[in-house]
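Chain by chain, the residues:
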Amino acid sequence: MAKELMPTEDVLSLIVTIRGQRVILAADLAKLYGVATFRLNEAVKRNKVRFPIDFLFQLTRSEALTHSTSQFAMLKQGTNVKHLPYAFTEHGAIMAANVLNTPRAVAMSVYVVRAFIQQREVLTANETILKRLAEIDKTLLQHNAALRDVYQKLMPLLQPPPDPPRPKIGFRETRAGYGVLKN
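Keep in mind that this is a model prediction, so the values were computed, not measured. (Residues numbered from 1 in each chain as written. Predicted model: local features only at pLDDT ≥ 70, side-chain atom pairs only at ≥ 80, totals over all residues. Heavy atoms only, no water.)

Caption draft 1: View of the overall build of the chain. Tallying secondary structure elements over the chain gives seven helices and four strands in all. For the chain, the proportion of its 183 residues judged to be buried stands at 26%. A fraction of 75% describes how many contacts in the chain between residues 6 or more apart in sequence connect residues 24 or more apart. Taken as a whole, the chain presents about 13800 Å² of accessible surface, with 58% of it coming from carbon and sulfur. (Helix = DSSP H or I, 4+ residues; strand = E, 2+ residues; numbered from the N terminus. Buried < 20%, exposed > 50% of the residue type's maximum accessible area, 1.4 Å probe, protein only. Contact = heavy atoms within 4.5 Å. Areas by Shrake-Rupley, 256 points an atom, 1.4 Å probe, with all protein chains shown as cover.)

Caption draft 2: Layout of the environment of Gln 119. Examined against the element boundaries, Gln 119 turns out to sit in helix 7 (residues 103-158). For the pair Gln 119 and Leu 12, spaced 107 residues apart in sequence, the C-alpha separation works out to 7.2 Å. Not counting the four nearest positions on each side in its chain, Gln 119 is found in contact with Leu 12, Ile 15 and Arg 22.

Caption draft 3: Inspection of the sheet that holds strand 2 (residues 21-25) at higher detail. Spatially, four strands are ordered 1-2-4-3 in an open sheet, and the strand pairing comes out antiparallel. Only two strands of the sheet have a single neighbouring strand rather than two, namely strand 1 (15-18) and strand 3 (56-58). Neighbouring strand axes in the sheet, compared pairwise and without regard to direction, differ in orientation by 45° on average. Relative to strand 2, strand 1 runs antiparallel, the two sharing four bridges. (Pairing = 2+ DSSP bridges. Axes fitted to C-alpha atoms, helices over the stretch in contact; angles between N-to-C directions.)

Caption draft 4: Main features of the pattern of salt bridges. All told, the structure shown has three salt bridges when counted by the stated rule. Residue Arg 120 pairs with Glu 90 through a salt bridge whose shortest N-O separation is 2.2 Å. Here Arg 120 is found in helix 7, whereas its partner Glu 90 is found in helix 6 (residues 90-100), with 30 residues between them in sequence. Here Arg 120 falls in the partly exposed class, since its relative accessible area comes to 34%. Overall, Glu 90 belongs to the buried group, its relative accessible area being 12%. Here Arg 132 ties to Glu 135 by a salt bridge, and the two come within 3.3 Å at their closest N and O atoms. (Salt bridge = Lys/Arg side-chain N within 4 Å of Asp/Glu carboxyl O.)

Caption draft 5: Region of interest: helix 2 (residues 26-33). Extensive coverage of helix 2 is indicated by the burial of six of its eight residues. All buried positions along helix 2 are accounted for by Ala 26, Asp 28, Leu 29, Ala 30, Leu 32 and Tyr 33. Of the residues one or two after helix 2, Gly 34 is the one with positive phi, at around 75°.

Caption draft 6: Fine view of the side chain of Thr 89. Position of Thr 89 among the secondary structure elements: in the loop between strand 4 (86-88) and helix 6. In terms of polar contacts, Thr 89 uses its side chain to reach the backbone carbonyl oxygen of Asp 54, at 2.8 Å. Not counting the four nearest positions on each side in its chain, Thr 89 is found in contact with Gln 21, Arg 22, Val 23, Asp 54, Phe 55 and Phe 116. (Polar contact = N/O pair within 3.5 Å; in protein donor to acceptor, adjacent residues only side chain to side chain.)

Caption draft 7: Summary view of the packing of aromatic side chains. Here the structure, examined in full by the defined rule, presents one aromatic pair. Between Phe 51 and Phe 88 the ring centres are 6.1 Å apart and the planes differ by 80°, which places this aromatic pair in the edge-to-face class. One end of the pair, Phe 51, is in the loop between helix 3 (37-46) and strand 3; the other, Phe 88, is in strand 4, and 37 residues separate them in sequence. Per residue, the accessibility class of Phe 51 equals that of Phe 88, and both read buried. (Phe/Tyr/Trp six-rings, centres within 6.5 Å; stacked < 30°, edge-to-face > 60°.)

Caption draft 8: Representation of the nonpolar core within the structure. Core analysis: the largest hydrophobic core is formed by 27 residues, its most contacted members being Leu 29, Tyr 33, Phe 51, Phe 88 and Val 112. Among the secondary structure elements, those contributing two or more residues to this core are helix 2, helix 3, strand 4, helix 6 and helix 7. With six residues, the single largest contributor to this core is helix 6. Discounting residues that sit within four places of it in the chain, Tyr 33 has contacts with Ala 93, Ile 94, Ala 96, Ala 97, Leu 100, Thr 102, Arg 104, Ala 105, Met 108, Ser 109 and Val 112. Counting six residues, the second-largest nonpolar core is a separate cluster that includes Ile 18, Val 23, Phe 57 and Leu 59. (Core = buried A, V, L, I, M, F, W, Y, C linked by side-chain atoms within 4.5 Å.)

Caption draft 9: Geometry of a nonpolar patch on the surface. Taken together, the side chains of Ile 129, Leu 130, Leu 133, Ile 136 and Leu 140 define a hydrophobic patch exposed on the protein surface, amounting to about 480 Å² of accessible area. Mapping Leu 133 onto the fold places it in helix 7. (Patch = residues over 30% accessible without salt bridge, like charges linked within 9 Å, V, L, I, M, F, W, Y side chains within 5 Å.)

Have a look at this one:
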């Protein structure tokens, strides 16, 4: 039985974001728990009280086509979709394992929870990295402005000095000479 269980990374690939929430679609959850999708849906319908809106929601037609499984991909868009799939949040997936109460569902619920936790940690790490990058960017902008000021002040000093005025070529008379009348 342990041989059949999926690693957390495989479960992580089944988690999608719909309506701003991280969820697992009913078909994928049913495969994980080793039951048919319609059996999972039956268990959910029999125990509606255990699945409030923040545990489970049903997809709209457009969402179902966007996040379709291979079964939906073969259909023409908008045709033959009799039952819109359910999307289970982390808590809904745990509750589904409790409702199904099969040994595989109980064992797989641990992997599902770990996958949600791992994804949450990755998202938190990404947020921390983005916040730190924003701080670095702000610091670099401040340093860039300071360096620009220093550069503008140093540029005149780095220019070669202007050439001194050259003396005029030719005969120059500096004093009154012979033949010049003074007043």
